[in-house]
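Working through the structure, step by step
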Amino acid sequence: MRLADLFKSKKAVLSFEVFPPKVQSGMEGINATLASLGDLAPDYVSVTYSAGGSRNAHTAEVARKVRALGMEPLAHITCVNSTAGEVKNALSELADAGVENVLALRGDRVEGATAGDFSYASDLIRFIREQGFSFDISAACYPEGHPECDSLRDDITNLKRKVDLGVTHLNTQLFFDNDDFFRFMDMVRLAGINVPVQAGVMPLVKASQFGGIVKMTAAKIPSKISRMYARFADDPESLTEAGIAYATDQIIDLLSGGVDGIHLYIMNNAYVARRITENIRPFLAKLNSEDGK
Ligand code: FAD
C-alpha cells in the first residue's frame, strides 16, 4: 500500500524502523526480529540505508523480507557522495524488490568522501520523478531544526521545497520534548505544509544510546531523562523499564495532541517494540475507530 493511502485511511499510524545488518551473516538476526515485528502488525516498517556513511547493500533485501512477512516496507535511500548512476541502480533494486514507498534523504556528509551528483534531498526527489520511478515519496524533518541549518524557520523553508516536489508524508528526527514537536507543527502548518507528519520516538533503553545515536542527532535531553540515566545507567533492567515508560508517556501525549502517527526507532529491539505497542495499542485502536477516517 502506498503511504499516502495509508494516512488517508487511518487517524494514527504506527510504524517501526529497522537497520539492515552490516554483514551477510547478520541476516539471521534481522529475520528473527522481523518475524517478531510481524506479530505486532505495524502499519509499515522502514528500513535504513547506509546510515552513518557505511555503504550498506542490504536495504532492498531486508525490504523484500518485510514484504514476504506481510508488512509494508518504506525503504530509505540517500544521495550524498553518490553518482546519479549509483542512485539509479539502488532505486531499480528497490523497485525490483516490490518496494512502493521510499524515504528520500540527503544522508550524512562523510568527511573526505568524493563529492557526488546531489547536494540536497530535494535533488534526489526531483531525480526519482525525472527517472520515471513511481514510488510514493516520504522525507525527513527536524522538530529542533537540522543541525546544519541556521534557524528552524530556514529549515522549514527548505522542508517546503521537498513537499512541493511531491513528498506525501514526513517522518521526524527523534526528539524527547513534545513541546518542541508541537511548536514545530504550528510552524509547519503556517508555512503551508499540509502532508501528514509522523513523530519519531526513540525509547532510551540502553546506556550506549546516550553517547551514540542521541549525541549524533544533537537532540535536547530533558532533565527527566538525565536523572533517569544518572540513576540507572549501571542497571540495564531498570534503565530498559524506565526508557519504555518514558517513551509510552511521550507517545500518549503526542496522540492526545493529534499527531498523525508514531514512528518508533526500535534499534532492532523487538522486545521494546512489543512492550510499547502493547502499552499504546488501546489508544491507537480507539483513535482509529472513532470517525472511520
Ligand atoms: P536535506 O533535506 O537535504 O537537508 C539537509 C540540510 O540542508 C538542512 O539543514 C536543510 O535545511 C538544508 N537545505 C536543504 N535544501 C537546501 C537548499 N536548497 N539550500 C540550502 N540549504 C538547504 N541517514 C542515513 O544515512 N541513512 C538513513 O537511512 C537515514 N534515515 C533517516 C530517517 C529519518 C526519519 C531522519 C530524520 C534522518 C535519517 N538519516 C539517515 C539522517 C539524514 O540523512 C541526515 O539527517 C542528513 O544530515 C540530512 O538529510 P535530509 O534528507 O533531511 O537532508
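Residues numbered from 1 in each chain as written. Predicted model: local features only at pLDDT ≥ 70, side-chain atom pairs only at ≥ 80, totals over all residues. Heavy atoms only, no water.

1. Considerations on the overall build of the protein
Keep this limit in mind: Helix and strand assignments come from DSSP, with helices taken as H or I runs of at least 4 residues and strands as E runs of at least 2, each series counted from the N terminus. Per-residue accessibility, obtained with a 1.4 Å probe over protein chains only, is compared with the maximum for each type, and a residue is labelled buried under 20%, exposed over 50%, and partly exposed between these values. Accessible areas in this description were obtained via Shrake-Rupley with a 1.4 Å probe; residue shielding takes into account the shown protein chains only. Working convention for charge: Lys and Arg count positive, Asp and Glu count negative, and His plus the chain ends are omitted. The location of each charge is read from NZ of Lys, CZ of Arg, CG of Asp or CD of Glu.
Secondary structure assignment for the protein yields twelve helices and eight strands. Evaluated residue by residue, the protein yields a buried proportion of 50% over its 293 residues. Summed over its atoms, the accessible surface of the protein is roughly 13500 Å², and 50% of this surface lies on carbon and sulfur atoms. Computed over 31 positive and 37 negative side-chain charges, the separation of the two mean positions in the protein equals 2 Å.

2. Observations regarding unusual backbone geometry
For residues that are not glycine, phi is negative in most cases, and the peptide bond is trans in most cases. Unlike most non-glycine residues, A41 shows phi in positive territory, near 50°. Along the chain, A41 falls in the loop between helix 2 (27–39) and strand 2 (44–47). Residue A41 is classed as exposed on the basis of its relative accessible area of 53%.

3. A short note on the packing of helix 4 (residues 84–96) against helix 5 (residues 121–130)
Spelled out, the test is: Whenever a helix is involved, its axis is fitted only over the stretch in contact; in every case the axis is a line through C-alpha atoms, and angles between N-to-C directions fall within 0 to 180 degrees. Left-handed describes a crossing in which the near helix is turned anticlockwise from the far one by less than a right angle; the clockwise case is right-handed. Any pair of residues with heavy atoms lying within 4.5 Å of one another is described as a contacting pair.
Relative to each other, helix 4 and helix 5 sit at 65°, their axes nearing to 11 Å. Crossing angle aside, the handedness with which helix 4 passes helix 5 is right-handed. Here helix 4 contributes A84, V87, K88 and L91 to the contact with helix 5, which in turn contributes L124, F127 and I128.

4. Regarding the sheet that holds strand 5 (residues 136–141)
Keep this limit in mind: When DSSP finds two or more bridges between a pair of strands, those strands are recorded as paired.
Here eight strands make up a closed barrel; going around it, the order is 1-2-3-4-5-6-7-8 and the pairing parallel. Between one strand and the next, the sheet's axes are offset by a mean angle of 25°, whatever the strand orientation. Of the pairings in the sheet, the one linking strand 5 to strand 6 (residues 169–174) comprises four bridges and is parallel in character. The residue bridging A139 from the neighbouring strand is L170, located in strand 6. The strands touched by helix 4 within the sheet are strand 3 (73–78) and strand 4 (101–105), with strand 3 carrying the most contacts at an inclination of about 175°.

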